[in-house]
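# A look at the structure
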Amino acid sequence: AQKITQTQPGMFVQEKEAVTLDCTYDTSDQSYGLFWYKQPSSGEMIFLIYQGSYDEQNATEGRYSLNFQKARKSANLVISASQLGDSAMYFCAMTHGSGNTGKLIFGQGTTLQVKP
Amino acid sequence: GAVVSQHPSRVICKSGTSVKIECRSLDFQATTMFWYRQFPKQSLMLMATSNEGSKATYEQGVEKDKFLINHASLTLSTLTVTSAHPEDSSFYICRAGGGFGGELFFGEGSRLTVL
């Protein structure tokens, strides 16, 4: 069975500094996708970044980068130059295979607070 | 990008009544719909998966007679919370699958409060 683990319930970061949010996963599948989502207090799910299991390069999207360590089964999110608007809940998630019709399971989430 | 519209965004109902939440894919055919429930400060938990024209598959522990899911068309899925109780108060969010590519499409979510 697939499992996603986020061990940091809450994190604080100073504005303009970088922060790493941890995510480990467990799966026996060879093909899977890893996602990070941001969820502000409004509840909407905002897509941040995606890493496919066969992607050799770490994914980057603007200030977001995903530190993909396949052998360790970790997919940490790095946010550089934190902004006050980054304060939100962050979820790591995983799908089986590619495409968008597979189940997406979520980690427990990490609440990030950016301090001015 | 594709848009998934979910409504109502907020609903308050009395205990014992039923509430219907709609999820529409606006510009692609949603062959699969996923429904999640999220309690405050917690993760999104998958409740059920439905394929267009088929009965939904419910996750373990989710009462299928209480959470009725209909996916009769490729653009619309509904979740009906029957005989709602205060413990059903939660944030419900849909995700539509289909179309091209691997992008994932979420609805905006519906916050249900049962009095």
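Everything that follows concerns the structure shown earlier in this document.
What you are looking at is a predicted structure, and each value in this text was computed from that prediction instead of being measured. (Residues numbered from 1 in each chain as written. Chains lettered and ligands numbered in written order. Predicted model: local features only at pLDDT ≥ 70, side-chain atom pairs only at ≥ 80, totals over all residues. Heavy atoms only, no water.)

## Notes on the overall build of chain B
- In terms of helices and strands, chain B carries zero helices and 11 strands.
- What you see for chain B is a C-alpha radius of gyration of 13 Å, in line with the 13 Å of a compact globule of 115 residues.
- The dimensions of chain B, computed from C-alpha atoms along their principal axes, are 40 × 25 × 20 Å.
- Across the 115 residues in chain B, those meeting the buried criterion constitute 50%.
- Long-range pairs, those at least 24 residues apart, make up 55% of the contacts in chain B with a sequence separation of at least 6.
- Accessible surface, chain B: about 5700 Å² in total, of which carbon and sulfur atoms supply 52%.
- Distance between charge centroids for chain B: 6 Å, based on 11 positive and 10 negative side chains. (Helix = DSSP H or I, 4+ residues; strand = E, 2+ residues; numbered from the N terminus. Rg over C-alpha atoms; globule rule 2.2 N^0.38 Å. Buried < 20%, exposed > 50% of the residue type's maximum accessible area, 1.4 Å probe, protein only. Contact = heavy atoms within 4.5 Å. Areas by Shrake-Rupley, 256 points an atom, 1.4 Å probe, with all protein chains shown as cover. Lys, Arg positive; Asp, Glu negative; His and termini not counted. Charge placed at Lys NZ, Arg CZ, Asp CG, Glu CD.)

## What about the state of the cysteines?
- According to the stated counting rule, one finds two disulfides over all chains in the structure shown.
- Two residues share a disulfide in this structure: Cys 23 of chain A and Cys 92 of chain A, whose sulfurs sit 2.0 Å from each other. On the S-S bond that ties Cys 23 of chain A to Cys 92 of chain A, the torsion sits near -65 degrees, and the link is left-handed. Pair noted here: Cys 23 of chain A is in the loop between β3 (19–21) and β4 (24–26) and Cys 92 of chain A is in strand β10 (residues 88–96), with a separation of 69 residues, a long-range link. Pair check on accessibility: Cys 23 of chain A and Cys 92 of chain A agree, each one buried.
- Cysteine Cys 13 of chain B shares no disulfide, and the gap to the nearest cysteine sulfur, in Cys 94 of chain B, comes to 18 Å. (Disulfide = S-S within 2.5 Å.)

## A look at the pairing of strand β5 (residues 44–51) of chain B
All names here are of chain B.
- With six of eight residues buried, β5 lies mostly within the body of the structure.
- Sheet topology places strand β4 (residues 30–38) next to β5; seven bridges connect them, and they run antiparallel. Bridge pairing in β5 links Phe 34 to Thr 49.
- Connecting β4 to the next strand, β5, in antiparallel fashion are five residues, including Lys 41 with a positive phi near 65 degrees. (Pairing = 2+ DSSP bridges.)

## With respect to the sheet that holds strand β3 (residues 19–25) of chain B
All names here are of chain B.
- One open sheet accounts for four strands, arranged β1-β3-β8-β7; its pairing is antiparallel. Every interior strand has two partners, whereas the edge strands, β1 (4–7) and β7 (67–73), have only one. The sheet shows a mean angle of 15 degrees between the axes of neighbouring strands, direction not considered.
- Judged from the six bridges that link them, β3 and strand β8 (residues 76–81) form a sheet pairing that is antiparallel. When the bridges of β8 are listed, Lys 20 appears paired with Thr 80. (Axes fitted to C-alpha atoms, helices over the stretch in contact; angles between N-to-C directions.)

## Quick notes on the packing of aromatic side chains
- For the structure shown, the criterion picks out 13 aromatic pairs over all chains.
- Centroid distance Phe 35 of chain A to Tyr 37 of chain A: 6.1 Å. Interplanar angle 25 degrees. Geometry classified as stacked. Each member of the pair, Phe 35 of chain A as well as Tyr 37 of chain A, is classed as buried.
- Judged by centre distance (5.9 Å) and plane angle (70 degrees), the rings of Tyr 37 of chain A and Phe 47 of chain A are edge-to-face. Here the residue Tyr 37 of chain A occupies a position in strand β5 (residues 32–39), and Phe 47 of chain A occupies one in strand β6 (residues 46–52), the gap between them amounting to 10 residues.
- Here Phe 47 of chain A falls in the partly exposed class, since its relative accessible area comes to 40%.
- We note Arg 63 of chain A situated over the ring of Tyr 64 of chain A; from NZ or CZ to the ring centre the distance is 5.6 Å.
- Over the ring of Phe 34 of chain B we find Arg 95 of chain B; its NZ or CZ atom is 4.0 Å from the centre of that ring. (Phe/Tyr/Trp six-rings, centres within 6.5 Å; stacked < 30°, edge-to-face > 60°. Lys NZ or Arg CZ within 6 Å of the ring centre and 35° of its normal.)

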